[in-house]
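# Structure assessment
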Amino acid sequence: MTDYAAFAARLIESGVISDPWFEGQPRFQQFPVVLRATEQVALYRAAEEMAAAWNELCLLCAAEPGLVSGFLGLTAMQQALWQASAPLWHGIARADVFLTDDGPMVCELNCDTPTGEAEAVLLNGTVTQTAAGHDDPNRALGERFCAMVAAMAGIARRLSVGIVYPTEMPEDLSMVLLYRRWFEERGWHVTLGSPFNLRRFRGGRAGLFDTPCDVFIRHYKTDWWTERVPAWADEPPVPDPEALNEQLAIILGAAIAGTCTVINPFGAVVAQNKRAMALMWEKIGLFSEPSRDAIRRYLPETVRLETMPRSQMIAEQQEWVLKSDYGCEGDEVVIGAETPAQSWEASIEMAVPGRWVAQRRFRARPQPDGTTVNHGVFLIGGRAAGLFTRIAACGTDRSAISAPVFIAP
């Protein structure tokens, strides 16, 4: 533990990461996970091919609105976000990919407010001397990210960037601070704030506090901007369920007017919805042949929970995982193989119809100690740009251990 304390102190010196502990336990692993070059290629190929399938899904949804209102079941305000942004949905994403004996499996794509950039970059930087001769897959992540932001902004002059995030929640502050550092290193002006700090300016512009912004990095989940309804039938109402109408009018109005760029676009509300994975499987015939091949190869079978007989879900408990439409970081995820039978049946009973999917469980390749590794592949504009590696004994949630990752020569 003394060694870890010294390691944690080095991380804190970066001025970005300030929380190297989780509930009193180490949050990071000091020694790196080392991948073979062939494994990196396989992970990247799976993530990129599935990102292309997700892009095709968004194009299908733009052409057929019924898929959004019916199959995905978006609320009225969520549909408005999509219609205002479609088919744009992506700037940066993170595909969660696991190596199995049958090849890589992509259990989901986090394309709304993907996290882990700070841990991925700074962990590798802290242990780079112990990985001499190995390749750092995250060395260009900042450059790639900033190039994407500049390209999407389409402005040659110095950018004014607003980072919009839930300021009352510290969990992702390290990512916000890293983004600010990257932007300021390029001479861009950066303003931090929450949706409630958005303001209107002349010329149809929007900004934070007293500063107009050319670009907004939106790290505030799309489903938090809209109506909020619990995914469990026995869950109490959300304290503030109303949509952020006034704040959306400011930022979305400016985006529609072309006076600002929002990254990720609000169209991520469709791609982030986990029922999109059920759409891929249940309506696979709508997709191109390359996307059909990628879905069958990399995406575990996923269906809308309400289409599955209750008796089958109970009998096949060990084979399924339940996921809500907008759950994240292990929240609103129920793994049948890790859940008591009584709780599994209660989960099926209490899952609000139209909000859940059932995804067939796959067996990730275990580490010698029985843990599994989630290889989060960062995608910039649909192309692989780095890795965020987490290790967990069960499903990947907030208690998972983040680890440095390098590629063997």
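Everything discussed here concerns the structure shown above.
Notes on the structure in this doc start here. What you see is a predicted model, and the numbers here were worked out from it, not measured in a lab. (Residues numbered from 1 in each chain as written. Predicted model: local features only at pLDDT ≥ 70, side-chain atom pairs only at ≥ 80, totals over all residues. Heavy atoms only, no water.)

The next thing to look at is the overall build of the protein chain. The secondary structure content of the protein chain amounts to 14 helices and 20 strands. In terms of overall size, the protein chain behaves like a compact globule, its C-alpha atoms giving a radius of gyration of 21 Å where 409 residues would be expected to give roughly 22 Å. Along the first, second and third principal axes, the C-alpha set of the protein chain runs to 60 × 55 × 45 Å. Intrachain contacts of the protein chain at a sequence separation of at least 6 include 72% that bridge at least 24 residues. Surface summary for the protein chain: the accessible area is close to 17,300 Å², and the carbon and sulfur share equals 53%. Across the protein chain, the centroid of the 36 positively charged side chains sits 5 Å from that of the 49 negatively charged ones. (Helix = DSSP H or I, 4+ residues; strand = E, 2+ residues; numbered from the N terminus. Rg over C-alpha atoms; globule rule 2.2 N^0.38 Å. Contact = heavy atoms within 4.5 Å. Areas by Shrake-Rupley, 256 points an atom, 1.4 Å probe, with all protein chains shown as cover. Lys, Arg positive; Asp, Glu negative; His and termini not counted. Charge placed at Lys NZ, Arg CZ, Asp CG, Glu CD.)

The next point concerns the pattern of salt bridges. Considering all chains together, one arrives at 22 salt bridges under this definition. Put simply, Arg 390 and Asp 96 hold a salt bridge, and the shortest N to O gap is 3.6 Å. Note that Arg 390 is positioned in strand β18 (residues 383–392) and Asp 96 in strand β4 (residues 92–100), a separation of 294 residues in sequence. A single burial state applies to Arg 390 and to Asp 96, both of which are buried. Note that Lys 221 and Asp 223 form a salt bridge whose closest N and O atoms lie 3.9 Å from each other. Considered together, Lys 221 and Asp 223 belong to a single accessibility category, that of buried residues. (Salt bridge = Lys/Arg side-chain N within 4 Å of Asp/Glu carboxyl O. Buried < 20%, exposed > 50% of the residue type's maximum accessible area, 1.4 Å probe, protein only.)

Next up on the list: the sheet that holds strand β7 (residues 189–193). Here we have 4 strands laid out as an open sheet, ordered β7-β6-β11-β12, and parallel in their pairing. Of all strands in the sheet, those with a lone pairing partner are β7 and β12 (261–263), marking the two edges. Sheet twist, expressed as the mean angle between neighbouring strand axes with direction ignored, is 20 degrees. The sheet contact formed by strand β6 (residues 160–164) and β7 spans 5 bridges and is parallel. In the sheet register, Val 161 faces β7, and the bridge partner there is Val 190. On the sheet, helix α6 (residues 141–153) packs against β11 (215–218) and β12 and is oriented at approximately 150 degrees with respect to β12. (Pairing = 2+ DSSP bridges. Axes fitted to C-alpha atoms, helices over the stretch in contact; angles between N-to-C directions.)

A few words now on unusual backbone geometry. Most of the time, phi is negative for any residue but glycine, and the peptide bond is trans. Residue Ala 86 is joined to Pro 87 through a cis peptide bond whose omega torsion reads 0 degrees. The topology assignment puts Pro 87 in the loop between α4 (76–85) and β4. In the segment running from Ile 263 into Asn 264, the intervening peptide bond is cis, with an omega of -5 degrees. Following the sequence through the fold, Asn 264 ends up in the loop between β12 and α10 (268–271). The backbone of Glu 23 sits at a positive phi, close to 50 degrees, despite the residue not being glycine. By the element assignment, Glu 23 lies in the loop between β1 (21–22) and β2 (25–26). Glu 23 gets classed as exposed once you look at its relative accessible area, which sits at 72%. Of note, the phi angle at Glu 332 is positive, near 60 degrees, even though the residue is not glycine. With respect to the secondary-structure elements, Glu 332 resides in the loop between β14 (320–324) and β15 (333–335).

This next bit is on the packing of aromatic side chains. Per the stated rule, a full pass over the model turns up 13 aromatic pairs. Their ring planes at 35 degrees and their centres at 5.9 Å tell us that Tyr 179 and Trp 182 sit as a pair that is tilted. Of this pair, Tyr 179 and Trp 182 are both found in helix α7 (residues 173–185), 3 residues apart, which corresponds to roughly one turn of the helix. Both residues of the pair, Tyr 179 and Trp 182, count as buried. Arg 218 extends its terminal NZ or CZ atom over the ring of Phe 266, reaching a point 5.2 Å from the ring centre. (Phe/Tyr/Trp six-rings, centres within 6.5 Å; stacked < 30°, edge-to-face > 60°. Lys NZ or Arg CZ within 6 Å of the ring centre and 35° of its normal.)

Of all hydrophobic cores here, the largest spans 67 residues; its most connected members are Met 50, Trp 54 and Val 270. Considering each element in turn, this core owes the most residues, 11 residues, to helix α2 (residues 37–63). Ignoring sequence-local partners within four residues, the contact set of Met 50 consists of Val 106, Met 280, Ala 294, Ile 295, Tyr 298 and Leu 299. Counting 41 residues, the second largest nonpolar core, distinct from the first, contains Ile 17, Leu 141, Phe 183 and Ile 263. (Core = buried A, V, L, I, M, F, W, Y, C linked by side-chain atoms within 4.5 Å.)

Taken together, the 4 bridges between strand β8 (residues 198–201) and strand β9 (residues 205–208) define a ladder with antiparallel strand orientation. Within the sheet, the bridge partner assigned to Phe 201 lies in β9 and is Arg 205.

This part covers the packing of α2 against helix α12 (residues 289–298). In a pair of packed helices, the angle between the axes and the distance between the axes together describe the arrangement. Relative to each other, α2 and α12 sit at 125 degrees, their axes nearing to 9 Å. Overall, the two elements α2 and α12 adopt an arrangement that is oblique. Where α2 crosses over α12, the handedness of that crossing is left-handed. Mapping the contact onto sequence places Arg 45, Ala 46, Glu 49, Met 50, Ala 52, Ala 53 and Glu 56 in α2 and Ser 291, Ala 294, Ile 295, Arg 297 and Tyr 298 in α12. Broken down by class, the residue content of the contact of α2 with α12 amounts to 7 nonpolar, 1 polar and 4 charged. (Parallel < 35°, antiparallel > 145°, perpendicular 65-115°, else oblique. Left-handed = near helix turned anticlockwise from the far one by under 90°. Nonpolar A, V, L, I, M, F, W, Y, C, P; charged D, E, K, R; others polar.)

With that settled, the discussion passes to the side chain of Thr 100. Positionally, Thr 100 belongs in strand β4. Residue classification places Thr 100 among the buried residues on the basis of a relative accessible area of 4%. Within the structure, the side chain of Thr 100 is placed 2.6 Å from the backbone oxygen of Gly 103, a separation counted as a polar contact. Residues in contact with Thr 100, not counting those within four places in the same chain, are Met 105, Phe 362, Arg 363, Ala 364 and Arg 365. (Polar contact = N/O pair within 3.5 Å; in protein donor to acceptor, adjacent residues only side chain to side chain.)

Looking now at the state of the cysteines. Following the criterion strictly, the structure yields 0 disulfides and no others. Its sulfur unpaired, Cys 58 is 6.3 Å from the next cysteine sulfur, which belongs to Cys 61. Just so you know, Cys 111 is unpaired, no disulfide at all, and the nearest cysteine sulfur is the one on Cys 58, 7.1 Å from it. (Disulfide = S-S within 2.5 Å.)

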